[in-house]
Amino acid sequence: MQLVIVESPAKAKTIEKYLGSDYRVLASYGHVRDLPPKDGSVDPDAGFAMDWENYADKAKQLKAITDEAKKADRLILATDPDREGEAISWHVQEVLRNRKALPKEVGRVTFNAITKATVTEAMKHPRELDEDLIDAYRARRALDYLVGFTLSPVLWRKLPGAKSAGRVQSVALRLIVDREREIEAFTAQEYWSVAATLEQDGTPFAARLVKWNGDKLDRLSIGQEGDALKAKADVENGRFTVQSVETKPATRNPPPPFTTSTLQQEAARKLGFAASHTMRIAQGLYEDGAITYMRTDGVQMDGSAISAARKAITDRYAANYVPDKPRMYQTKAKNAQEAHEAIRPTDFTRDRAGSGDHARLYELVWKRAMASQMASAQMERTTIDLADGTGRNGLRATGQVVIFPGYLALYEEGRDDEGDEESRRLPRLRDGDVPAKREVTAEQHFTQPPPRFSEASLVKRLEELGIGRPSTYASTIQVLKDRNYVRVEKNRFFAEESGRLVTAFLERFFEKYVSYDYTAGLEDELDEISGGRAQWQKVLESFWRDFKPRTSEVMEFKPSEVTQALDQFLAPYLFPDKADGGDPRLCPNCGQGQLSLRGGRFGAFIACSNYPECKYTRRFAQGGAAEGGDSGPEGLGKDPETGLEVERKAGRFGPYIQLGEGKDAKRASIPKDIPELDLEWALKLLSLPREIGTHPETGKPITASIGRYGPYLAHDGKYARLQSTTEVFETGMNAAVVKLAEAAANGGRPARGSQAPLKVLGVHPRSEAEIKLMEGRYGAYVTDGTTNATLPKSIDKDQLTLEEAAQLIDARAAAAPAKGKRKAPAKKKAAPKKKATAKK
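Note that the coordinates shown come from a computational prediction; the quantities given were computed from them, not determined experimentally.

Undergrad: Account for the overall build of the protein chain, with residues named and values stated.
TA: Each helix and strand in the protein chain was counted, giving 22 helices and 32 strands. In terms of overall dimensions, the protein chain has C-alpha extents of about 140 × 90 × 65 Å along its principal axes. A burial count over the protein chain gives 45% of its 840 residues as buried. Of the contacts formed within the protein chain by residues at least 6 apart in sequence, a portion of 65% connects residues at least 24 apart. Looking at the protein chain as shown, the accessible area adds up to about 45,000 Å², and 47% of this sits on carbon and sulfur atoms. Positive and negative charge centroids in the protein chain, built from 128 and 121 side chains respectively, lie 8 Å apart.

The structure is reproduced here in C-alpha cells:
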C-alpha cells in the first residue's frame, strides 16, 4: 500500500479516486506543527535551532497518518507546489521520523492542477524534498518569529495600546501611513480649463484650449477665474478652422494570464473582493479541479494549455482572432526558481464553474487566460488641431477608434484610476473644415492629493517595492485590519491612530527595519536561500547581529523618554504652525499651559501641562487640525441613591459612563443605538444586568445585559441574542422564555431524518423526483430521496440552481457501485475448535 499526503480533505478525496485501490490518500489539514508562541522557540546562540511543536488540534489526524504510515510500503508527499507546500511535506516527514513510522521509500510529487491526467502523470516522476526551499521556509519562519517576539514586547512596554509588529506587516502599514501624511501635507492648487463643444455632420465632440494669446497651455496655466473668463470669451468670439488631422495606428497587446498578485488586484477592482476572500475562493476552485494552482509568480502557460486556449478561441471567434504564433510571456518575478505556471482554467472549453463568487472569479480567470492568447487590438488614434483667425488661440480634440477589437472582444484589464479622453469617438474631419460651435465652458478645478490605497493598489505597490511575497499579501493585510491599525472605507485604507503611533515609534527607533529598501533587500537574500545561493543561518546571523542590540537599547529607555521623543518626531503633525503665527502648543482651554504628547494606559493622547487644574485633552488621532478637543469628563448629573456624580468619558474602546471614582467606580459602555444619552439612560446602563425573573421550568433567573457582542439574554449558562439596547430593558418573561428556547433549538443538532430542508429546488428534470437542499454534518448537500450529493466548494448553496443540483445527483449516482456489485462483507472466522481434554 502507498500512502499519499496532501493538505486538504477535498483534494484527498478527489486524488484517491484518481489513483485507485493501491493508494491511501490522507489530508494533513495544512501545517501540522509550528514554533510555539513563547520565548526560546528559536535559539540564535545554537545556530538558530528551532523547537517545533505539533498543533494540539492535529493530534487525531497525525495519529491517523502515523498508523497508515506504519502499514505503508511507500510514502508520497503531494502537498502544494510551492515553498509552504514543501514545508508541510517536510514537517510530516519529520513527525513520522520522530515516531519511527517513516516508510523506507519516500517521494515528493507536485502537480499544478487537480485533474486525473495531471495527478497520474505526476506520480510517475517523484523527486526528493527540495532542501533549498525548506531552508528558505525555515529562514522566513525564524525571521518572522525573531522580529515578532523581540520587537512586540518592546512595543507593549514602551508604547501602551500597541499590539504587535511584524517584518512585512509594519512596512505595509508604513505605506498606508505615509500616504496619509502626503494627503495631509497636500495643498490644493486652483486651476481652470476652457473647452468647447463642437459639432460636425451631426456628431458633437469636445476640444480643449491648448494655446491662448500665443502661449502653449498646460494643466495649471490658467490659475484665476478672471483669466479663464477672458480665455472663454476669446474662444466664443473666434472662428476655429481645422489646421491638421493626425491619425496614427496603435496596437494594444493582451495582458498575460494571472499571477497571485494580479489576480488579487483585478478581483479587487472588478469584483470588489478583499485579497483574503479572493484567495479563499481561488482555493476552492483549485480543489474542485477548475483552475491551476493559485499561488504563483509565473505568467507562462503549459504548451498543451496554450494549444487548448487557441482552439477554444478559434471555436468561439473568427480565425483572425488567433495570432499566427502562440504568445509567450516571461515572468518579471525576482524569485524565478519559485515561479510556476500562471493561474488558468484546467479546461478552456468550460466557461463556467461553480456559482456565486466562485463563478465570478472563475469567469475572470477564464477570460484573462483566453485573452492572453488572442490577437492584439488594432486602434486608430486621432489628434485634431484647430486655430482661430489670429493663429494665437488653438483647440485640440483627441480620440480613438477601435479598428479591430482582438482580445478586447473578451476582456479589458481594469485600472485603479479611470479616465481617458483618448477613448472618445471623433467625427471624420479634414483640413479647412469649420465645425459648428455649440458651447464654450470655463470650469474651476483643484489639484487632488494622491489617492488612498485600495487593496489592489496596495498589493501592486508592495510587489513593485519587492516587499513580502504575493502569496502572503492577503494575510498581511488581514493582520492590519484585525489589529485595528487601519480601517477600510469605500474600499480605501485609512490609518487609525494606533497604526500611526506604531509607525511613528518604529520610524523613530527602528528606522532601518521599516525602510522600504532594507526590507526589499532582505527579501532578495531570502530568495537567494531558496535558489541555493545563500546559507540560511548566515542570513539570519547577519540580521540578528544588529537587530538584537538595538531592541535591547530601546528597552532601556523610560516610557517618558519614548513619549518625549515621539512628541518631537510627530510635532509637525500634532502641532502644525498656525496661520496667525501663534504658538501651536498653547492650550486652547486655559490659555497658559503647553500641549504635549502623553502616554496613558489605553494609548497616547494630547494633554495640557497645567493638569490637574486644566483637564483639556485631545485624542492623538485628531492631530493639529482638530477643532476644540475634549475639555475633560462631561457631567450628566448625580445618582439619586448614592449622590455620586455620573460622568461621560472617552476611553480606548470608545465613550463610556462612570459612577464614582477609584476601584469602587461603576462603568458601562455607551451603545451606539442610544439616540441621546442623558442621566436616565446612564443610570439604566449602570444598573445592568437586569433580572427579568425566574424561568418557569428551572426556577433559575433570566437576566438581560449588554456584552462584547451586543445585547443578550442569559439563563443557566445559555444565551440568546437581542436586537437592540431597548429590548434589554423592555423584554418580558414570556418573550424571554421563547427567545431562549429558539436559541437552544437553533444551537442543537436536529434528530436524524427530522431536519427540514434549506430549500426545495424543484422536480428532477429526468427522474421527476423532488430535489432538496440540505445541511449535513460535513456541509450542504442535495438529495432526491435516493442519492445524496455533496456540494463542491466552488458552488454557493445560496446560488444553486435546479439543473446544477440535478447534474450533481446524476454524477454521484453514476459514480456509485452498481447494485449487486458491492463488495461482499468479509466472512466471520469460525471459532477455533476446543481441544479435547485428555483423560486422566
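Moving on, there is more to tell.
Undergrad: Help me get a handle on the sheet that holds strand E25 (residues 690-694), residues and values and all.
TA: Strand order in this open sheet of four strands is E25-E26-E27-E28, and the pairing throughout is antiparallel. Among the strands making up the open sheet, the edge pair consists of E25 and strand E28 (718-721). Within this sheet the neighbouring strands show an average axis-to-axis angle of 25°, counted without direction. One ladder, built from five bridges, connects strand E26 (residues 701-707) with strand E27 (residues 710-715); its direction is antiparallel. Note that in E27 the partner of serine 705 across the bridge is tyrosine 712.

Undergrad: Summarise the sheet that holds strand E31 (residues 779-783); cite the residues concerned and give the values.
TA: Strand order across the open sheet formed by four strands is E29-E30-E31-E32, with antiparallel pairing between neighbours. Two strands lie at the open edges of the sheet, namely strand E29 (759-763) and strand E32 (788-790), each paired on one side alone. Here the strands of the sheet are splayed against their neighbours by 25° on average, with no regard to which way each runs. Pairing between E31 and E32: three bridges, direction antiparallel. Bridging from a neighbouring strand, valine 782 pairs with alanine 789 of E32.

Undergrad: For the packing of helix H5 (residues 131-158) against helix H16 (residues 536-555), give the residues involved together with the corresponding values.
TA: The contact between H5 and H16 brings their axes to 11 Å, and the two run at 0°. As judged from the angle between their axes, H5 and H16 are roughly parallel. Split by residue class, the contact of H5 with H16 holds 15 nonpolar, two polar and four charged.

Undergrad: Any details on the nonpolar core? Residues and values, ideally.
TA: Counting 94 residues, the largest nonpolar core has Phe505 and Leu566 as the members making the most contacts within it. Ranked by the residues each element gives to this core, the list is headed by H5, at twelve residues. Among residues more than four places away in sequence, those in contact with leucine 566 are Leu159, Leu501, Ala504, Phe505, Arg508, Phe509 and Leu597. Core analysis: the second largest hydrophobic core is formed by 61 residues, Met301, Met374, Met379 and Leu408 among them.

Undergrad: Can you explain the confidence of the model for the protein chain? Please cite residues and give values.
TA: Interpretation of the predicted coordinates at a detailed level should be avoided for regions scoring low in pLDDT. Summing up the model confidence of the protein chain, the mean pLDDT is 85 and the portion of residues at 70 or higher is 90%. Counting interchain partners and residues more than four positions distant, the pLDDT-below-50 stretch residues 335-339 has 13 contacts. The model gives residues 622-631 a pLDDT under 50, and that stretch makes 21 contacts with residues more than four places away or in other chains.

Conventions adopted
Think of each chain on its own: its residues are numbered from 1, step by step along the sequence as written. Given that this is a predicted model, residues contribute local features only at a pLDDT of at least 70 and side-chain atom pairs are listed and counted only at 80 or more, while totals for whole chains, interfaces and linings are drawn from all residues. Heavy atoms from the whole structure form the basis of all side-chain values; hydrogens and water molecules are not counted. Put simply, DSSP H or I for four residues or longer makes a helix, DSSP E for two residues or longer makes a strand, and each gets a number counted from the N terminus. When a residue's accessible area, from a 1.4 Å probe over protein chains only, is under 20% of the maximum for its type it is buried; when over 50% it is exposed; and in between it is partly exposed. Any pair of residues with heavy atoms lying within 4.5 Å of one another is described as a contacting pair. The method behind every accessible area is Shrake-Rupley, applied with a 1.4 Å probe, and residues are considered shielded solely by the protein chains displayed. Asp and Glu are treated as the negative residues and Lys and Arg as the positive ones, with His and the ends of the chain left uncounted. Where a charge sits is defined by one atom per residue type, namely NZ (Lys), CZ (Arg), CG (Asp) or CD (Glu). Here the rule is simple: two strands pair whenever DSSP picks up at least two bridges between them. Simply put, an axis is a line fit to the C-alpha atoms, just over the touching stretch for a helix, and the angle between two N-to-C directions goes from 0 to 180 degrees. By the definition adopted for this analysis, an angle is roughly parallel if under 35 degrees, roughly antiparallel if over 145, roughly perpendicular if from 65 to 115, and oblique otherwise. Each residue gets one label: Ala, Val, Leu, Ile, Met, Phe, Trp, Tyr, Cys and Pro are nonpolar, Asp, Glu, Lys and Arg are charged, and the others, such as Gly, are polar. Residue types Ala, Val, Leu, Ile, Met, Phe, Trp, Tyr and Cys, when buried and joined through side-chain atoms within 4.5 Å, form a set referred to as a nonpolar core. Per-residue confidence from the predictor is reported as pLDDT, which spans 0 to 100.

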